[in-house]
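# Observations on chain architecture
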Amino acid sequence: MNEEYRDLMSEDDVWTEGMVTRRRFIGFGVSAAGALGATLLVPAPWQSAFGKEKAIKVGGIQPLTGPGAGGGLMAKVGQEVAVNRINKTGGVNGRPISLVVEDSEGKPAIGLRKTRKLLERDRIDAGQGGFMSNVCIACMGEYKKQRVVNMIGVCLDTTITTSRCNRYTFRPFDFAPAQAVAFSPYLVNNIGKKWHIIYVDYSWGQSTKDAYREAIHKNGGQVVGTTGIPFGTADMVPFLSKIKGNFDGLYMIFFGKDGVTVVTQSYDLGLHKRYRFAGDGAAVVAGTNLPAQKEKALGFVGIDRYLPILEGPLNTTHHKKFYDTVLAYTKKYDPKGILPDRYTQANYEAMNVLKTGMAKSGFRGREDTDKLIAALEGLRVKLSDDFITGDKHLRKEDHQAFTSEYLFEVVKGNGDVPRPKILKVVPPEKTYVPPACKFS
(Lines give C-alpha, C1' and ligand atoms only; values in the text may rest on other atoms or scores of the structure.)
Protein backbone atom coordinates (compact mmCIF):
# COMPACT_ATOMS: atom_id res chain seq x y z
CA MET A 1 0.00 0.00 0.00
CA ASN A 2 1.18 3.52 -0.78
CA GLU A 3 2.84 5.27 2.21
CA GLU A 4 0.48 8.24 1.90
CA TYR A 5 -2.39 5.96 2.91
CA ARG A 6 -0.65 3.55 5.28
CA ASP A 7 -1.30 5.57 8.43
CA LEU A 8 -5.05 5.86 7.86
CA MET A 9 -5.74 2.50 9.45
CA SER A 10 -5.82 3.40 13.15
CA GLU A 11 -9.29 3.15 14.64
CA ASP A 12 -8.62 6.49 16.38
CA ASP A 13 -7.78 8.33 13.17
CA VAL A 14 -11.09 9.74 12.06
CA TRP A 15 -12.56 12.68 13.97
CA THR A 16 -16.19 11.64 13.98
CA GLU A 17 -19.34 11.06 15.93
CA GLY A 18 -21.08 7.70 15.68
CA MET A 19 -17.97 5.65 14.90
CA VAL A 20 -18.88 2.15 13.74
CA THR A 21 -16.96 -0.35 15.85
CA ARG A 22 -16.12 -3.94 14.97
CA ARG A 23 -18.90 -5.20 17.25
CA ARG A 24 -21.44 -3.00 15.49
CA PHE A 25 -20.40 -4.37 12.11
CA ILE A 26 -20.95 -8.02 13.06
CA GLY A 27 -23.60 -9.44 10.78
CA PHE A 28 -22.78 -7.02 7.97
CA GLY A 29 -23.73 -8.43 4.60
CA VAL A 30 -27.07 -9.06 2.97
CA SER A 31 -28.78 -8.63 6.35
CA ALA A 32 -28.91 -5.35 8.27
CA ALA A 33 -26.40 -4.60 10.98
CA GLY A 34 -27.46 -4.52 14.62
CA ALA A 35 -28.35 -1.42 16.58
CA LEU A 36 -25.53 1.08 16.92
CA GLY A 37 -25.93 2.31 20.48
CA ALA A 38 -24.62 5.64 21.69
CA THR A 39 -22.45 7.86 19.54
CA LEU A 40 -19.09 9.14 20.66
CA LEU A 41 -16.57 11.77 19.71
CA VAL A 42 -13.19 10.31 18.75
CA PRO A 43 -10.25 12.61 19.67
CA ALA A 44 -8.52 14.00 16.59
CA PRO A 45 -4.88 12.92 16.31
CA TRP A 46 -4.23 16.05 14.21
CA GLN A 47 -5.25 18.49 16.96
CA SER A 48 -1.67 19.57 17.66
CA ALA A 49 -1.04 20.10 13.95
CA PHE A 50 -4.01 22.46 13.59
CA GLY A 51 -3.44 24.28 16.88
CA LYS A 52 -6.41 26.37 17.96
CA GLU A 53 -8.03 26.40 14.51
CA LYS A 54 -11.74 25.64 14.76
CA ALA A 55 -12.83 22.55 12.84
CA ILE A 56 -15.16 22.79 9.85
CA LYS A 57 -18.06 20.58 10.90
CA VAL A 58 -19.54 18.40 8.16
CA GLY A 59 -22.52 16.18 8.94
CA GLY A 60 -24.96 13.85 7.31
CA ILE A 61 -27.29 10.89 7.73
CA GLN A 62 -26.88 7.28 6.67
CA PRO A 63 -29.06 4.20 7.32
CA LEU A 64 -26.78 2.57 9.89
CA THR A 65 -29.55 0.26 11.09
CA GLY A 66 -32.57 -1.17 9.30
CA PRO A 67 -32.89 -2.73 5.81
CA GLY A 68 -30.40 -0.34 4.18
CA ALA A 69 -27.70 -0.72 6.85
CA GLY A 70 -25.23 -2.71 4.75
CA GLY A 71 -24.99 0.06 2.14
CA GLY A 72 -25.20 2.81 4.74
CA LEU A 73 -22.25 1.45 6.68
CA MET A 74 -20.12 1.24 3.52
CA ALA A 75 -21.19 4.79 2.63
CA LYS A 76 -19.94 5.90 6.05
CA VAL A 77 -16.62 4.14 5.40
CA GLY A 78 -16.24 6.33 2.30
CA GLN A 79 -16.87 9.46 4.37
CA GLU A 80 -14.39 8.43 7.03
CA VAL A 81 -11.63 7.47 4.61
CA ALA A 82 -12.01 10.82 2.83
CA VAL A 83 -11.96 12.84 6.06
CA ASN A 84 -8.92 10.93 7.31
CA ARG A 85 -7.04 11.78 4.14
CA ILE A 86 -8.14 15.44 4.11
CA ASN A 87 -7.02 15.97 7.70
CA LYS A 88 -3.78 14.05 7.25
CA THR A 89 -2.85 16.29 4.31
CA GLY A 90 -3.49 19.64 6.00
CA GLY A 91 -7.27 19.92 6.22
CA VAL A 92 -9.19 22.61 4.32
CA ASN A 93 -7.92 26.18 4.41
CA GLY A 94 -5.72 25.23 7.35
CA ARG A 95 -8.57 23.76 9.37
CA PRO A 96 -9.54 20.13 10.10
CA ILE A 97 -12.81 18.51 9.10
CA SER A 98 -14.98 17.20 11.93
CA LEU A 99 -17.45 14.53 10.76
CA VAL A 100 -20.84 13.96 12.39
CA VAL A 101 -22.92 11.03 11.10
CA GLU A 102 -26.43 10.24 12.34
CA ASP A 103 -28.50 7.08 11.80
CA SER A 104 -31.62 7.70 9.70
CA GLU A 105 -32.68 4.03 9.98
CA GLY A 106 -33.76 4.49 6.35
CA LYS A 107 -36.94 6.27 7.48
CA PRO A 108 -37.94 9.76 6.25
CA ALA A 109 -39.37 10.93 9.59
CA ILE A 110 -36.27 9.85 11.54
CA GLY A 111 -33.96 11.23 8.85
CA LEU A 112 -35.74 14.58 9.03
CA ARG A 113 -35.43 14.70 12.82
CA LYS A 114 -31.73 13.79 12.70
CA THR A 115 -31.07 16.36 9.95
CA ARG A 116 -32.68 19.08 12.07
CA LYS A 117 -30.42 18.02 14.96
CA LEU A 118 -27.35 18.29 12.74
CA LEU A 119 -28.35 21.74 11.48
CA GLU A 120 -29.77 23.30 14.64
CA ARG A 121 -27.99 21.64 17.57
CA ASP A 122 -24.70 20.45 16.08
CA ARG A 123 -24.51 23.54 13.84
CA ILE A 124 -22.82 21.75 10.96
CA ASP A 125 -21.19 24.05 8.39
CA ALA A 126 -22.07 21.79 5.44
CA GLY A 127 -23.93 18.54 4.83
CA GLN A 128 -22.56 15.42 3.17
CA GLY A 129 -24.39 12.11 3.16
CA GLY A 130 -27.83 10.71 2.45
CA PHE A 131 -28.66 7.24 1.15
CA MET A 132 -32.37 6.46 0.73
CA SER A 133 -33.94 8.78 -1.84
CA ASN A 134 -37.20 9.25 0.06
CA VAL A 135 -35.16 10.30 3.11
CA CYS A 136 -33.04 12.71 1.04
CA ILE A 137 -36.17 14.29 -0.43
CA ALA A 138 -37.67 14.73 3.04
CA CYS A 139 -34.54 16.53 4.27
CA MET A 140 -33.67 18.80 1.33
CA GLY A 141 -35.92 21.62 2.50
CA GLU A 142 -34.15 21.81 5.87
CA TYR A 143 -30.81 22.60 4.23
CA LYS A 144 -32.50 25.25 2.12
CA LYS A 145 -34.19 26.76 5.18
CA GLN A 146 -30.87 26.92 7.08
CA ARG A 147 -28.91 28.07 3.98
CA VAL A 148 -26.41 25.21 4.25
CA VAL A 149 -24.90 23.25 1.35
CA ASN A 150 -26.21 19.68 1.07
CA MET A 151 -23.72 17.44 -0.80
CA ILE A 152 -25.60 14.19 -1.41
CA GLY A 153 -23.68 10.92 -1.19
CA VAL A 154 -25.96 8.21 -2.62
CA CYS A 155 -29.59 9.26 -3.32
CA LEU A 156 -30.52 8.72 -6.97
CA ASP A 157 -34.14 9.83 -7.31
CA THR A 158 -34.34 11.83 -10.54
CA THR A 159 -36.44 14.64 -9.04
CA ILE A 160 -33.68 15.70 -6.62
CA THR A 161 -32.00 17.61 -9.43
CA THR A 162 -35.10 18.20 -11.59
CA SER A 163 -38.54 19.10 -10.23
CA ARG A 164 -37.42 19.25 -6.57
CA CYS A 165 -34.06 20.96 -7.15
CA ASN A 166 -32.81 23.80 -4.97
CA ARG A 167 -29.64 25.87 -4.99
CA TYR A 168 -28.30 24.32 -1.77
CA THR A 169 -28.42 20.67 -2.88
CA PHE A 170 -25.75 19.09 -5.11
CA ARG A 171 -25.46 15.57 -6.51
CA PRO A 172 -21.82 14.94 -7.54
CA PHE A 173 -22.47 11.61 -9.28
CA ASP A 174 -24.76 10.18 -11.96
CA PHE A 175 -28.55 9.79 -12.02
CA ALA A 176 -31.06 7.59 -13.82
CA PRO A 177 -31.63 9.71 -16.97
CA ALA A 178 -27.87 9.77 -17.64
CA GLN A 179 -27.55 6.04 -16.98
CA ALA A 180 -30.49 5.33 -19.28
CA VAL A 181 -28.93 7.39 -22.08
CA ALA A 182 -25.67 5.45 -21.66
CA PHE A 183 -27.16 1.95 -21.36
CA SER A 184 -30.33 1.83 -23.45
CA PRO A 185 -28.60 1.67 -26.87
CA TYR A 186 -26.69 -1.41 -25.69
CA LEU A 187 -29.82 -3.02 -24.23
CA VAL A 188 -31.82 -2.56 -27.44
CA ASN A 189 -29.07 -3.29 -29.99
CA ASN A 190 -27.14 -6.05 -28.20
CA ILE A 191 -29.70 -7.90 -26.07
CA GLY A 192 -33.25 -7.38 -27.27
CA LYS A 193 -35.94 -4.95 -28.36
CA LYS A 194 -38.62 -5.85 -25.82
CA TRP A 195 -38.21 -5.42 -22.06
CA HIS A 196 -40.12 -5.90 -18.83
CA ILE A 197 -38.94 -3.67 -15.96
CA ILE A 198 -39.16 -4.81 -12.34
CA TYR A 199 -38.30 -2.20 -9.74
CA VAL A 200 -38.28 -1.41 -6.03
CA ASP A 201 -41.50 0.50 -5.57
CA TYR A 202 -40.38 3.73 -3.94
CA SER A 203 -39.10 7.06 -5.23
CA TRP A 204 -35.75 5.93 -6.69
CA GLY A 205 -37.14 2.82 -8.36
CA GLN A 206 -40.13 4.69 -9.76
CA SER A 207 -38.13 7.54 -11.30
CA THR A 208 -35.48 5.15 -12.64
CA LYS A 209 -38.15 2.97 -14.26
CA ASP A 210 -39.59 6.04 -15.98
CA ALA A 211 -36.15 7.10 -17.28
CA TYR A 212 -35.46 3.68 -18.81
CA ARG A 213 -38.89 3.36 -20.35
CA GLU A 214 -38.35 6.66 -22.17
CA ALA A 215 -34.75 5.90 -23.23
CA ILE A 216 -35.52 2.36 -24.44
CA HIS A 217 -38.37 3.74 -26.54
CA LYS A 218 -36.14 6.47 -28.02
CA ASN A 219 -33.62 3.81 -29.07
CA GLY A 220 -36.20 1.76 -30.96
CA GLY A 221 -37.12 -0.65 -28.19
CA GLN A 222 -40.28 -1.25 -26.19
CA VAL A 223 -41.15 -1.73 -22.51
CA VAL A 224 -43.99 -4.23 -22.62
CA GLY A 225 -44.68 -4.27 -18.88
CA THR A 226 -43.55 -3.14 -15.44
CA THR A 227 -43.76 -4.69 -11.98
CA GLY A 228 -43.21 -2.72 -8.78
CA ILE A 229 -42.24 -4.61 -5.61
CA PRO A 230 -42.32 -2.90 -2.19
CA PHE A 231 -38.96 -2.18 -0.56
CA GLY A 232 -37.87 -4.91 1.86
CA THR A 233 -40.07 -7.67 0.40
CA ALA A 234 -38.54 -10.98 1.48
CA ASP A 235 -40.76 -13.18 -0.68
CA MET A 236 -40.99 -11.76 -4.21
CA VAL A 237 -42.35 -14.96 -5.75
CA PRO A 238 -46.01 -13.74 -5.78
CA PHE A 239 -44.87 -10.78 -7.93
CA LEU A 240 -42.30 -12.60 -10.08
CA SER A 241 -44.51 -15.59 -10.85
CA LYS A 242 -46.96 -13.30 -12.66
CA ILE A 243 -44.30 -12.12 -15.14
CA LYS A 244 -45.01 -13.82 -18.44
CA GLY A 245 -45.10 -12.92 -22.08
CA ASN A 246 -43.06 -12.48 -25.21
CA PHE A 247 -40.13 -10.19 -24.46
CA ASP A 248 -36.32 -10.41 -24.47
CA GLY A 249 -35.03 -9.07 -21.18
CA LEU A 250 -35.93 -8.52 -17.55
CA TYR A 251 -34.54 -5.19 -16.33
CA MET A 252 -34.03 -5.08 -12.54
CA ILE A 253 -33.89 -1.86 -10.49
CA PHE A 254 -33.03 -2.93 -6.93
CA PHE A 255 -30.29 -2.57 -4.33
CA GLY A 256 -29.02 -4.20 -1.14
CA LYS A 257 -30.80 -7.27 0.18
CA ASP A 258 -33.63 -6.71 -2.33
CA GLY A 259 -31.07 -7.12 -5.13
CA VAL A 260 -30.06 -10.51 -3.75
CA THR A 261 -33.70 -11.52 -3.43
CA VAL A 262 -34.84 -10.50 -6.91
CA VAL A 263 -31.92 -12.17 -8.71
CA THR A 264 -32.01 -15.43 -6.73
CA GLN A 265 -35.80 -15.84 -6.74
CA SER A 266 -36.08 -14.93 -10.45
CA TYR A 267 -33.45 -17.57 -11.17
CA ASP A 268 -35.16 -20.17 -8.98
CA LEU A 269 -38.42 -19.59 -10.88
CA GLY A 270 -36.57 -20.30 -14.14
CA LEU A 271 -36.99 -16.80 -15.56
CA HIS A 272 -33.31 -16.85 -16.63
CA LYS A 273 -34.18 -19.58 -19.14
CA ARG A 274 -36.66 -17.30 -20.92
CA TYR A 275 -35.28 -13.79 -20.44
CA ARG A 276 -31.88 -12.12 -20.20
CA PHE A 277 -31.23 -10.55 -16.80
CA ALA A 278 -30.00 -6.94 -16.83
CA GLY A 279 -30.29 -3.90 -14.61
CA ASP A 280 -28.80 -1.36 -12.26
CA GLY A 281 -25.42 -2.37 -10.84
CA ALA A 282 -26.72 -1.94 -7.30
CA ALA A 283 -28.63 -5.21 -7.72
CA VAL A 284 -25.45 -7.29 -7.99
CA VAL A 285 -22.10 -5.51 -7.55
CA ALA A 286 -22.83 -3.30 -4.53
CA GLY A 287 -21.99 -4.60 -1.05
CA THR A 288 -21.91 -8.35 -0.59
CA ASN A 289 -24.54 -9.22 -3.19
CA LEU A 290 -22.41 -11.28 -5.58
CA PRO A 291 -21.10 -13.60 -2.85
CA ALA A 292 -24.73 -14.29 -1.92
CA GLN A 293 -26.04 -14.66 -5.50
CA LYS A 294 -23.08 -16.70 -6.78
CA GLU A 295 -23.81 -18.55 -10.05
CA LYS A 296 -27.37 -17.18 -10.19
CA ALA A 297 -25.96 -13.77 -11.17
CA LEU A 298 -23.84 -15.11 -14.05
CA GLY A 299 -24.69 -13.41 -17.33
CA PHE A 300 -26.33 -10.40 -15.65
CA VAL A 301 -25.55 -7.27 -17.71
CA GLY A 302 -25.53 -4.02 -15.78
CA ILE A 303 -24.43 -0.42 -15.53
CA ASP A 304 -22.66 1.38 -12.71
CA ARG A 305 -20.51 4.44 -12.05
CA TYR A 306 -18.06 2.29 -10.08
CA LEU A 307 -16.89 -1.33 -10.08
CA PRO A 308 -14.55 -2.84 -7.45
CA ILE A 309 -12.08 -4.16 -10.03
CA LEU A 310 -8.65 -3.09 -11.23
CA GLU A 311 -9.41 -3.37 -14.92
CA GLY A 312 -9.47 -1.04 -17.93
CA PRO A 313 -9.88 2.64 -16.96
CA LEU A 314 -10.17 1.57 -13.30
CA ASN A 315 -6.69 0.06 -13.35
CA THR A 316 -4.92 3.21 -12.13
CA THR A 317 -2.64 4.02 -9.22
CA HIS A 318 -5.34 6.36 -7.92
CA HIS A 319 -7.98 3.65 -7.79
CA LYS A 320 -5.58 1.06 -6.39
CA LYS A 321 -4.71 3.33 -3.46
CA PHE A 322 -8.40 3.80 -2.68
CA TYR A 323 -9.18 0.10 -3.16
CA ASP A 324 -6.35 -1.02 -0.87
CA THR A 325 -7.18 1.64 1.72
CA VAL A 326 -10.82 0.58 2.00
CA LEU A 327 -9.88 -3.10 2.25
CA ALA A 328 -7.42 -2.34 5.05
CA TYR A 329 -9.81 0.05 6.80
CA THR A 330 -12.67 -2.46 6.82
CA LYS A 331 -10.53 -5.20 8.38
CA LYS A 332 -11.65 -3.62 11.65
CA TYR A 333 -15.08 -5.02 10.80
CA ASP A 334 -14.23 -8.18 8.85
CA PRO A 335 -10.89 -10.08 9.03
CA LYS A 336 -10.73 -10.31 5.23
CA GLY A 337 -11.72 -6.72 4.64
CA ILE A 338 -14.72 -5.61 2.57
CA LEU A 339 -14.48 -4.51 -1.06
CA PRO A 340 -15.37 -0.86 -1.73
CA ASP A 341 -18.63 -0.35 -3.57
CA ARG A 342 -20.55 2.48 -5.26
CA TYR A 343 -21.66 3.77 -1.86
CA THR A 344 -18.10 3.94 -0.53
CA GLN A 345 -16.85 5.56 -3.75
CA ALA A 346 -19.67 8.09 -4.06
CA ASN A 347 -19.33 9.38 -0.50
CA TYR A 348 -15.54 9.46 -0.74
CA GLU A 349 -15.69 11.54 -3.92
CA ALA A 350 -18.58 13.69 -2.64
CA MET A 351 -16.53 14.66 0.40
CA ASN A 352 -13.64 15.54 -1.91
CA VAL A 353 -15.93 17.64 -4.12
CA LEU A 354 -16.96 19.51 -0.99
CA LYS A 355 -13.30 19.92 0.00
CA THR A 356 -12.41 21.23 -3.47
CA GLY A 357 -15.22 23.79 -3.38
CA MET A 358 -14.25 24.89 0.13
CA ALA A 359 -10.62 25.37 -0.85
CA LYS A 360 -11.58 27.28 -4.01
CA SER A 361 -13.95 29.61 -2.13
CA GLY A 362 -11.87 30.11 1.02
CA PHE A 363 -14.74 28.62 3.03
CA ARG A 364 -14.56 29.10 6.81
CA GLY A 365 -18.11 28.31 7.88
CA ARG A 366 -21.82 28.85 7.21
CA GLU A 367 -21.31 32.53 6.58
CA ASP A 368 -19.44 31.55 3.39
CA THR A 369 -22.21 29.33 1.97
CA ASP A 370 -22.90 31.60 -1.02
CA LYS A 371 -19.19 31.59 -1.90
CA LEU A 372 -19.14 27.80 -1.64
CA ILE A 373 -22.16 27.44 -3.94
CA ALA A 374 -20.51 29.71 -6.52
CA ALA A 375 -17.33 27.61 -6.38
CA LEU A 376 -19.22 24.34 -6.80
CA GLU A 377 -21.45 25.41 -9.68
CA GLY A 378 -19.88 24.28 -12.94
CA LEU A 379 -16.98 22.61 -11.11
CA ARG A 380 -14.87 20.28 -13.23
CA VAL A 381 -12.53 17.77 -11.60
CA LYS A 382 -9.97 15.39 -13.02
CA LEU A 383 -8.85 11.83 -12.34
CA SER A 384 -6.73 11.93 -9.19
CA ASP A 385 -6.43 10.45 -5.72
CA ASP A 386 -9.49 12.56 -4.86
CA PHE A 387 -11.55 11.41 -7.85
CA ILE A 388 -10.67 7.80 -8.48
CA THR A 389 -13.37 7.17 -11.11
CA GLY A 390 -12.11 9.93 -13.39
CA ASP A 391 -13.15 13.31 -14.74
CA LYS A 392 -16.57 14.70 -13.93
CA HIS A 393 -18.56 17.91 -14.36
CA LEU A 394 -20.96 19.35 -11.75
CA ARG A 395 -23.40 21.27 -13.92
CA LYS A 396 -24.32 24.81 -12.84
CA GLU A 397 -27.92 24.74 -14.07
CA ASP A 398 -29.11 21.85 -11.87
CA HIS A 399 -26.16 20.84 -9.63
CA GLN A 400 -26.12 17.43 -11.32
CA ALA A 401 -22.83 15.71 -12.13
CA PHE A 402 -22.01 13.60 -15.17
CA THR A 403 -19.53 10.75 -14.86
CA SER A 404 -18.18 7.78 -16.79
CA GLU A 405 -20.53 4.80 -16.88
CA TYR A 406 -19.31 1.19 -16.88
CA LEU A 407 -21.35 -1.42 -18.74
CA PHE A 408 -20.46 -4.85 -17.39
CA GLU A 409 -21.35 -8.53 -17.43
CA VAL A 410 -21.11 -10.86 -14.44
CA VAL A 411 -18.68 -13.68 -15.29
CA LYS A 412 -16.97 -16.49 -13.41
CA GLY A 413 -14.34 -15.34 -10.95
CA ASN A 414 -11.83 -17.06 -8.73
CA GLY A 415 -13.60 -19.69 -6.66
CA ASP A 416 -17.38 -19.69 -6.47
CA VAL A 417 -17.87 -15.91 -6.38
CA PRO A 418 -18.40 -14.31 -9.82
CA ARG A 419 -17.09 -10.89 -10.77
CA PRO A 420 -18.05 -8.01 -13.07
CA LYS A 421 -16.21 -7.69 -16.40
CA ILE A 422 -16.26 -4.36 -18.23
CA LEU A 423 -18.01 -4.51 -21.61
CA LYS A 424 -17.92 -0.84 -22.49
CA VAL A 425 -17.07 2.53 -20.94
CA VAL A 426 -19.34 5.47 -21.75
CA PRO A 427 -17.60 8.83 -21.11
CA PRO A 428 -19.39 11.65 -19.25
CA GLU A 429 -20.09 13.73 -22.36
CA LYS A 430 -22.03 10.79 -23.86
CA THR A 431 -24.42 10.68 -20.88
CA TYR A 432 -25.67 14.29 -20.90
CA VAL A 433 -29.37 15.05 -20.71
CA PRO A 434 -30.79 18.60 -20.79
CA PRO A 435 -31.26 20.31 -17.39
CA ALA A 436 -34.81 20.27 -16.06
CA CYS A 437 -34.39 22.44 -12.99
CA LYS A 438 -35.55 25.93 -12.08
CA PHE A 439 -34.11 27.21 -8.81
CA SER A 440 -36.64 29.13 -6.78
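Here is a short report on the structure shown in this document.

## As for the nonpolar core
Phe183, Leu187, Tyr212, Leu250, Tyr251, Met252 and Val284 are the most contacted members of the largest nonpolar core, which has 83 residues in total. Ranked by the residues each element gives to this core, the list is headed by helix α7 (residues 176–191), at nine residues. Listed in part, the 43 residues of the second largest apolar core include Ile56, Met74, Tyr168 and Tyr329.

## Thoughts on the packing of helix α4 (residues 69–88) against helix α12 (residues 317–329)
With their axes 11 Å apart at the nearest point, α4 and α12 run at an angle of 115° to one another. Our classification of the angle between α4 and α12 gives roughly perpendicular. Here α4 and α12 pass one another in a crossing that is right-handed. Residues Met74, Val77, Glu80, Val81 and Asn84 of α4 lie in contact with α12, whose contacting residues are Thr325, Val326 and Tyr329. Tallied by class, the residues present in the contact of α4 with α12 amount to five nonpolar, two polar and one charged.

## Let's talk about the packing of aromatic side chains
Summed over the entire model, instances satisfying the criterion amount to 15 aromatic pairs. With a centroid separation of 6.4 Å and 75° between ring planes, the pair formed by Trp195 and Tyr251 is classed as edge-to-face. You can see Trp195 sitting in strand β7 (residues 194–200) and its partner Tyr251 sitting in strand β9 (residues 249–253), a full 56 residues away along the chain. In this structure, Trp195 and Tyr251 share a single accessibility class: buried. Relative to Tyr348, the ring of Phe322 lies with its centre 4.8 Å away and its plane at 50°, an arrangement referred to as tilted. Placement of Phe322 in helix α12 and of Tyr348 in helix α13 (residues 342–361) is noted, with a sequence separation of 26 residues between them. Given a relative accessible area of 0%, Phe322 falls into the buried group. Clustering of aromatic rings is evident, with ring pairs tying together Phe131, Tyr202, Trp204, Phe231, Phe255 and Tyr343. The ring of Tyr168 has Arg167 sitting right over it, with the charged end atom 5.3 Å from the ring centre. Over the aromatic face of Tyr329 sits the side chain of Lys332, whose NZ or CZ is 3.7 Å from the ring centroid.

## Digging into the sheet that holds strand β8 (residues 222–229)
Read across the open sheet, the seven strands follow the order β8-β7-β9-β10-β11-β15-β16; overall the sheet is mixed. At either margin of the open sheet sits one strand with a lone partner, and together these are β8 and β16 (419–426). If you compare each strand with its neighbour and ignore which way they point, the axes differ by 25° on average. Sheet analysis places strand β15 (residues 405–411) next to β16, joined by seven bridges and oriented antiparallel. Bridge pairing in β16 places Glu409 opposite Lys421. Seen against the sheet, helix α10 (residues 256–268) touches β7, β9 and β10 (276–280) and runs at an angle of roughly 160° to β9.

## With respect to the pairing of β8
Note: β7 against β8, seven bridges, orientation parallel. Bridge pairing links Tyr199 to Gly228 in β8. Following the chain from β7 across helix α8 (residues 203–218) to the adjacent parallel β8, one finds a crossover that is right-handed.

## A short note on the sheet that holds strand β14 (residues 401–402)
An order of β12-β13-β14 is seen for the three strands of this open sheet, with the pairing classed as antiparallel. Looking along the sheet, the strands with just one partner apiece sit at the ends: β12 (380–381) and β14. Across two bridges, the pairing between β12 and strand β13 (residues 392–394) is antiparallel. By the bridge assignment, Val381 is partnered in β13 with Lys392.

## Looking at α10
An ideal rise of 1.5 Å per residue puts 18 Å on 13 residues; α10 measures up with 19 Å between its terminal C-alpha atoms. Among the residues of α10, those classed as buried are Asp258, Gly259, Val260, Thr261, Val262, Val263, Thr264, Gln265 and Ser266. Buried residues along α10 sit against β7, α9 (237–240), β9, β10 and α11 (289–293). The positive-phi residue at the C-terminal boundary of α10 is Gly270, with phi of around 85°.

## Side note on α8
Taking 1.5 Å per residue as the helical rise, α8 with its 16 residues ought to reach 22 Å, and the 23 Å between its terminal C-alpha atoms agrees with that figure. Backbone geometry just after α8 places Gly220 at a positive phi near 90°.

## What about the environment of Asp125?
Along the polypeptide, Asp125 turns up in the loop between α5 (108–121) and β4 (126–129). The exposure class of Asp125 is buried, given its relative accessible area of 10%. Taking C-alpha positions, Asp125 is 8.0 Å from Val149, a pair spaced 24 residues apart along the chain. Here Asp125 is in contact with Ala55, Ile56, Lys57, Val148, Phe363, Gly365 and Arg366, once residues within four sequence places are set aside. Among the polar contacts made by the side chain of Asp125, one reaches the main-chain amide nitrogen of Arg366 at a distance of 3.5 Å.

Definitions and cut-offs
- Residues numbered from 1 in each chain as written.
- Predicted model: local features only at pLDDT ≥ 70, side-chain atom pairs only at ≥ 80, totals over all residues.
- Heavy atoms only, no water.
- Core = buried A, V, L, I, M, F, W, Y, C linked by side-chain atoms within 4.5 Å.
- Buried < 20%, exposed > 50% of the residue type's maximum accessible area, 1.4 Å probe, protein only.
- Helix = DSSP H or I, 4+ residues; strand = E, 2+ residues; numbered from the N terminus.
- Axes fitted to C-alpha atoms, helices over the stretch in contact; angles between N-to-C directions.
- Parallel < 35°, antiparallel > 145°, perpendicular 65-115°, else oblique.
- Left-handed = near helix turned anticlockwise from the far one by under 90°.
- Contact = heavy atoms within 4.5 Å.
- Nonpolar A, V, L, I, M, F, W, Y, C, P; charged D, E, K, R; others polar.
- Phe/Tyr/Trp six-rings, centres within 6.5 Å; stacked < 30°, edge-to-face > 60°.
- Lys NZ or Arg CZ within 6 Å of the ring centre and 35° of its normal.
- Pairing = 2+ DSSP bridges.
- Right-handed = clockwise from strand over helix to strand, strands pointing away.
- Expected span 1.5 Å × (residues − 1).
- Polar contact = N/O pair within 3.5 Å; in protein donor to acceptor, adjacent residues only side chain to side chain.

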